[in-house]
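Summary of the model geometry
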Amino acid sequence: MKHSNKVTPKIAPSLLAADFCRIGEEVERVVAAGADLLHFDVMDGEFVPNFGISPLMITAVRSKTDVHFDVHIMVTHPLRYIDALVDAGSDMITFHIESDDEPYAVISAIKAHNIKAGLALSPKTSCNEVLPFLSDIDLVLPMSVEPGFGGQSFIPKTLEKIEKIHQQIQDIDNPPDISVDGGVTPEIGPVAAQHGATILVAGTAIFRSEQPNVVIEKLRTIE
Ligand code: DX5
Ligand code: ZN
C-alpha cells in the first residue's frame, strides 16, 4: 500500500560501496552530487561476519567535509565504541536493538556527547521491539537486508515495518527520522519514502554509478 507521505527524503550514500583506494575523491564525488549525509558502516566481526569502516577512516574523511556523519554500528557491545566514534567526528550513532548492551544505557551514552542517537533493527526482528524507544531516539533504522554486506536485494516486507513505525511516531513532538538501509535503488527508494522513510541509505546504487547526481535526484523524487 502506498502512503500519502510527501516529505522529501535525505540521501545518505553508504561508503561501504566506495572505492577505498580513492576514498577522498569518492567523498568529494558524492558530496558534489548532492549527498545530505554520509553513512559509515562500523562492524566488529562478531555481531556480523564481516569488518567495516574503522574510526581511523571516519577521522580521515572528517578532514575532507562538513557533511553530517551518520554512523551505523553493527557491533555486539556498542558502549565500548561510542567515545572513539564521537572523537572521530560522528554526528549520529545508530546501534542495533539486537546487540548485548542495554538500549537506554547506549542511548544515554550517545546523547551525553550532544550527538544524535539511532536504533536499528535487523530484518528478522519485529518492529514491536523498538516501539518503546521511539520518543527517546533521533532515528530508527529498519534494515532492508541482513546487516554486514552491501550489494544485497531489498526485502519488500521492510515497507510494512516503515509504515507501522511511521504511524507510531505521529503523536511524538520531535519524531525520529525513519531511515532505510540495504538494497535501496532509484526504484525502491521513493516507494520507501512514500511509506514514511525520511532518510534513504544507498551504497551500491550511488557509488557504482557514473552519474551519482542523477541517482540521488531519482531517489529524492516522490511522485
Ligand atoms: C549493510 C550496510 C549498508 C550497506 C548498504 O550492513 O548497513 O549500509 O552498505 O549497501 P547497498 O546499498 O549496496 O545495499
Ligand atoms: Zn548501514
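Residue numbers restart at each chain and count upward from 1, following the sequence in its written direction. Labels follow written order: the first chain is A, the first ligand is 1, and so on. Selection of residues for local features in this predicted model requires a pLDDT of at least 70, selection of side-chain atom pairs for listing and counting requires 80 or more, and totals for whole chains, interfaces and linings are taken over all residues. Note that the side-chain values use all heavy atoms of the structure and ignore hydrogens as well as water.

Observations regarding the nonpolar core
Among the nonpolar cores identified, the biggest contains 59 residues, and Leu 15, Leu 38, Phe 40, Ile 58, Val 61 and Ile 73 are the most heavily contacted of them. Here this core gets four residues from one element, more than from any other, and that element is helix α3 (residues 82–88). The contact partners of Ile 58, leaving out residues within four places of it in the chain, are Phe 40, Val 42, Ile 53, Phe 69, Val 71, Leu 85 and Ala 88. Within the second largest apolar cluster, ten residues are counted, among which are Leu 139, Val 145, Ile 199 and Val 201. In plain words, nonpolar cores are sets of buried Ala, Val, Leu, Ile, Met, Phe, Trp, Tyr and Cys residues tied together by side-chain atoms within 4.5 Å. Here's how the labels work: a residue is buried when its accessible area is under 20% of the maximum for its type, exposed when over 50%, partly exposed in between, all with a 1.4 Å probe on protein chains only. Each helix is a run of H or I in the DSSP string that is no shorter than four residues. Each strand is a run of E no shorter than two, and both are numbered from the N terminus. In this analysis, two residues are considered to be in contact whenever any of their non-hydrogen atoms come within 4.5 Å of each other.

Describing the coordination of the zinc ion (ligand 2)
In the first shell of the zinc ion (ligand 2), the protein supplies His 39 (NE2), Asp 41 (OD), His 72 (ND1) and Asp 181 (OD), at 2.1 to 2.3 Å from the metal. Donor selection uses N, O and S atoms within 2.8 Å of the metal (3.2 Å for Na, K and Ca). Since no water is included, sites may look incomplete. All geometry calls rest on donor angles, where a four-donor set with angles between 85 and 135 degrees is tetrahedral, four- and six-donor sets with opposite donors more than 155 degrees apart and all others between 65 and 115 are square planar and octahedral, and all else is irregular. Coordination at the zinc ion (ligand 2) is octahedral: its six donor atoms span angles of 70 to 168 degrees at the metal. Note on His 39: relative accessible area 0%, which makes it buried. Relative accessible area serves as the criterion here: at 5%, Asp 41 is assigned to the buried category.

Observations concerning the sheet that holds strand β4 (residues 92–96)
Should DSSP find at least two bridges between two strands, the strands are taken to pair. Strand order in this open sheet of eight strands is β1-β8-β7-β6-β5-β4-β3-β2, and the pairing throughout is parallel. Each end of this open sheet is capped by a strand with a single partner; those strands are β1 (10–13) and β2 (37–43). Here the strands of the sheet are splayed against their neighbours by 25 degrees on average, with no regard to which way each runs. Here β4 pairs with strand β5 (residues 116–121) via five bridges, running parallel. Looking at β5, one finds that Phe 95 is bridged to Leu 119. Working convention: axes come from line fits to C-alpha atoms, limited for helices to the stretch in contact. Angles between N-to-C directions cover 0 to 180 degrees. Taken strand by strand, helix α4 (residues 103–111) contacts β4 and β5, and its axis lies near 170 degrees from that of β4.

Observations concerning the pairing of strand β8 (residues 199–202)
Neither face of β8 is left uncovered, since the one carrying Ile 199 and Val 201 and the one carrying Leu 200 and Ala 202 both have all their residues buried. Sheet topology places β1 next to β8; four bridges connect them, and they run parallel. The partner of Ile 11 across the bridge, within β8, is Leu 200. One ladder, built from three bridges, connects strand β7 (residues 177–181) with β8; its direction is parallel. Bridging across to β8, Asp 181 finds its partner in Val 201. By convention, orient the strands away from the viewer: a clockwise path from the first strand over the helix to the second makes the crossover right-handed. The parallel pair β7 and β8, bridged by helix α6 (residues 188–194), forms a crossover whose chirality is right-handed.

Let's talk about the site of ligand 1
Here a residue is near a molecule or strand as soon as one of its heavy atoms is found within 4 Å of it. In the region of ligand 1, 18 residues are neighbours, and Gly 148, Asp 181, Gly 183, Gly 203 and Thr 204 sit closest. Contact between ligand 1 and Ser 14: an oxygen atom at 2.8 Å from a side-chain N or O atom of the residue. In the environment of ligand 1, an oxygen atom lies 2.8 Å from a nitrogen or oxygen atom belonging to the backbone of Gly 203. Calculation of accessible area relied on Shrake-Rupley with a 1.4 Å probe; when residues are assessed, cover is drawn exclusively from the protein chains displayed. Burial of ligand 1 by the protein amounts to 98% of the accessible area it has alone, namely 380 Å². When residues of the shell around ligand 1 are traced back to their parent elements, those giving at least two are β2 and β3 (68–74). Class assignment of the residues belonging to the shell around ligand 1 gives a composition of six nonpolar, ten polar and two charged. In the analysis that follows, any N or O atom pair within 3.5 Å is treated as a polar contact, provided that within protein one partner can donate a hydrogen and the other can accept it, and provided that, for residues neighboring in sequence, both atoms belong to side chains. Residue polarity follows a fixed list, in which Ala, Val, Leu, Ile, Met, Phe, Trp, Tyr, Cys and Pro are nonpolar, Asp, Glu, Lys and Arg are charged, and the others, Gly among them, are polar.

So yeah, pure geometry; function would need other evidence.
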